[in-house]
Amino acid sequence: LLTPGARLLTRLGVTPSAVTVLGTVLVCVLALTLLPAGRLASGSALILLALLGDGLDGTMARLSGRETRFGAFLDSTLDRVADAAIFCGLAWWAFPGRPAVAATALAALVTGFLVSYARARAEAEGWDASVGLFERTDRLVVTLAAAFAVGVGAPDGVLVVALGIVAVGSAVTVGQRIGAALRAARAQTAAATADATS
């Protein structure tokens, strides 16, 4: 679905990194203007549309043969910025009259960041920890769907439950990634020991 748009942008001379930056800026502007203003339905819908284009940069890089390690790093880093804008936008809207929403939004933000950090730190050590229950897409879809529901009249409790699920699911994912890293570390140590004794 993204290929025609990716081809057009590539022909126009737009770089994948430019799309990454512009997409992040768009999500941040939407999240930090519409959500705090209480426009949860329109804000969630527009943010979701902006996020659907998140794959454009990767598709462009593959089509143009411009996939780079820096591009992957930039994309992953700016994904965290976009995530922070969404959860902070919800917490901003909720404060101070909806403390449960604000608290669960911040919990979802922190645990979501830990999911990404656990994988990145494991990969820095040479271990594969790309496992887990709640990936980024799962976290954002659940969050934005609940925000949209509240925006069209559902009680705030729907968002509290959804954000709670995101926070708990993310915490479980962190545990799964720690477990994967531990198994990889033990296997690495065992292999090194075997090499040393052979």
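Below, the structure is looked at part by part. (Residues numbered from 1 in each chain as written. Predicted model: local features only at pLDDT ≥ 70, side-chain atom pairs only at ≥ 80, totals over all residues. Heavy atoms only, no water.)

1. Some words on the side chain of Thr111
In step 1: Considering the arrangement of structural elements, one finds Thr111 in helix 6 (residues 99–124).
In step 2: According to the relative accessible area criterion, Thr111 is buried, its value standing at 15%.
In step 3: At a separation of 2.8 Å, a polar atom in the side chain of Thr111 contacts the main-chain carbonyl oxygen of Ala107.
In step 4: Those residues in contact with Thr111 that sit more than four places away from it in its chain are Val166, Ala167, Ser170, Ala171 and Val174. (Helix = DSSP H or I, 4+ residues; strand = E, 2+ residues; numbered from the N terminus. Buried < 20%, exposed > 50% of the residue type's maximum accessible area, 1.4 Å probe, protein only. Polar contact = N/O pair within 3.5 Å; in protein donor to acceptor, adjacent residues only side chain to side chain. Contact = heavy atoms within 4.5 Å.)

2. So, the environment of Leu159
In step 1: With respect to the helices, strands and loops of the structure, Leu159 is situated in helix 8 (residues 156–197).
In step 2: Taking C-alpha positions, Leu159 is 37 Å from Thr15, a pair spaced 144 residues apart along the chain.
In step 3: For Leu159, the contacting residues outside a window of four places in its chain are Leu90, Trp93, Val101, Thr143, Ala146, Ala147 and Val150.

3. Here's the deal with the packing of aromatic side chains
In step 1: Taken as a whole and judged by the stated rule, the model has one aromatic pair.
In step 2: Measuring from ring centre to ring centre gives 6.0 Å for Phe70 and Phe73, while their planes differ by 40 degrees; the resulting arrangement is tilted. Within this pair, Phe70 and its partner Phe73 are both found in helix 5 (residues 69–94), separated by three residues, close to a single helical turn. With respect to class, Phe70 is no different from Phe73; both count as exposed. (Phe/Tyr/Trp six-rings, centres within 6.5 Å; stacked < 30°, edge-to-face > 60°.)

4. Overview of helix 3 (residues 40–52)
In step 1: Along its 13 residues, helix 3 runs 18 Å from first to last C-alpha, staying within 8% of the 18 Å computed at 1.5 Å per residue.
In step 2: Residues of helix 3 that are buried include every one of Leu40, Ala41, Gly43, Ser44, Ile47, Ala50 and Leu51, and no others.
In step 3: Buried residues along helix 3 sit in contact with helix 2 (16–33), helix 5 and helix 7 (136–151). (Expected span 1.5 Å × (residues − 1).)

5. Regarding the pattern of salt bridges
In step 1: Counted by the stated rule, this structure contains seven salt bridges.
In step 2: Its salt-bridge partner being Arg136, residue Asp83 comes within 2.8 Å of it at the nearest N-O pair. A residue pair is termed long-range when its members are at least 10 positions apart, and Asp83 in helix 5 and Arg136 in helix 7 qualify at 53 residues. With respect to class, Asp83 is no different from Arg136; both count as buried.
In step 3: Of the charged contacts in the structure, one is a salt bridge between Glu123 and Arg119, with a shortest N-O distance of 3.0 Å. With Glu123 and Arg119 both in helix 6, this residue pair falls four residues apart, about one helical turn. (Salt bridge = Lys/Arg side-chain N within 4 Å of Asp/Glu carboxyl O.)

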